[in-house]
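# Observations on chain architecture
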Amino acid sequence: MTDDTPKPHFLRPWLWPALALLVVSLIGLGAHLADELIEGESFSLDTAILVGLRTPGDLSQPIGPHWLLQSAVDISALGGGTLMWLFGVAGLAWLLYRHKRAEAGWIAVSLIGASLIDNGLKAWIARPRPALVPHLAQVTDASFPSGHAMVSAALYLTLALMLAEGAKSWAARLALVGFASLIVVLIGCTRVFLGVHWPSDVLAGWSFGTAWALAVFAANRWLRGRLTRG
C-alpha cells in the first residue's frame, strides 16, 4: 500500500517565521495601496505602463504581434469567475472522491474567502476602471483590487502548496509552486495589457491573494499538527 500522507517536513520549522513575515508584508503592501487610493492619491507608474502597452498614436491598439492579444484574452480567462469556479468545484469533487475532506474544505475556504474579500474591497474602495485606454475585455465592477489577480493567486497557490506537500522531492515541489506562480503572474499582466485594470490594482490583487493562500496553507498545517498531537 502506498502512503500518500503529506510529508511532515515540507517546511522546516525555521521557515515559519519567514512565512509569517511574508504574509504581513504582503498585506501591508496591499493596505498601503488601498490607503493611498482612499486619500485620493494616484500612481504615475500606472499611467506610464498602460500607455506604454499601446501603439503610439493609437491607444486602441495594443503593442506586439496580432496573436498576442488573443493569447492575453485566453490567459486572462484562466482567472475569470467561470473557470475559477469550474476548477474549484472540480477540485473539490476530486478531493471528496479521494476522501480528503479536510483538503476540500480548505480549498473551499480559499476560493470563497478570496472572492468575498475581493468583493468587499471593490465596494469599499470603488476605484473606477481605467478610462485612459479603450478596454479590450468586458468589465462591469470596480477596479481595485484585480479580482482575476487576487482569486487566481488564492486558488492556484493554495492548490499548488497542498499538492507540493505530497511531492517526493524539492524539485517537484518547486516546480508545482513555480508553475502556479507563473500562471498567476501571467493572469495579472494580461489584465493590464487588456486595459481593464491599473497596474496597482493587479499588484494589490497579487498581494492580498498570495497572503490569503499562505494563511490558508498555514492554518491547514497548524490544524493538522494539533490533531496529530492530540
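As a reminder, the structure under discussion sits directly above these lines.
Residues numbered from 1 in each chain as written. Predicted model: local features only at pLDDT ≥ 70, side-chain atom pairs only at ≥ 80, totals over all residues. Heavy atoms only, no water.

## Quick look at unusual backbone geometry
Short version of the rule: Helical segments are the DSSP runs of H or I of at least four residues, strand segments are the runs of E of at least two, and each set is numbered from the N terminus.
Going from Phe 144 to Pro 145, the amide bond is cis rather than trans, its omega being -10°. With respect to the secondary-structure elements, Pro 145 resides in the loop between α5 (101–125) and α6 (147–165).

## Some points on the pattern of salt bridges
Threshold: Throughout this description, the term salt bridge denotes a Lys or Arg side-chain nitrogen within 4 Å of a carboxyl oxygen of Asp or Glu. A 1.4 Å probe rolled over the protein chains alone gives each residue an accessible area, and that area as a share of the maximum for its type sets the label: buried under 20%, exposed over 50%, partly exposed in between.
Per the stated rule, a full pass over the model turns up 3 salt bridges. The salt bridge partner of Arg 127 is Asp 201, with a shortest N-O separation of 2.7 Å. One end of the pair, Arg 127, is in the loop between α5 and α6; the other, Asp 201, is in helix α8 (residues 199–229), and 74 residues separate them in sequence. An identical accessibility class is assigned to Arg 127 and Asp 201; each is buried.

## What about the environment of Gln 138?
When you line up the elements, Gln 138 lands in the loop between α5 and α6. The exposed category is assigned to Gln 138, whose relative accessible area is 75%. Sequence separation between Gln 138 and Arg 173 is 35 residues, and the spatial gap between their C-alpha atoms is 36 Å.

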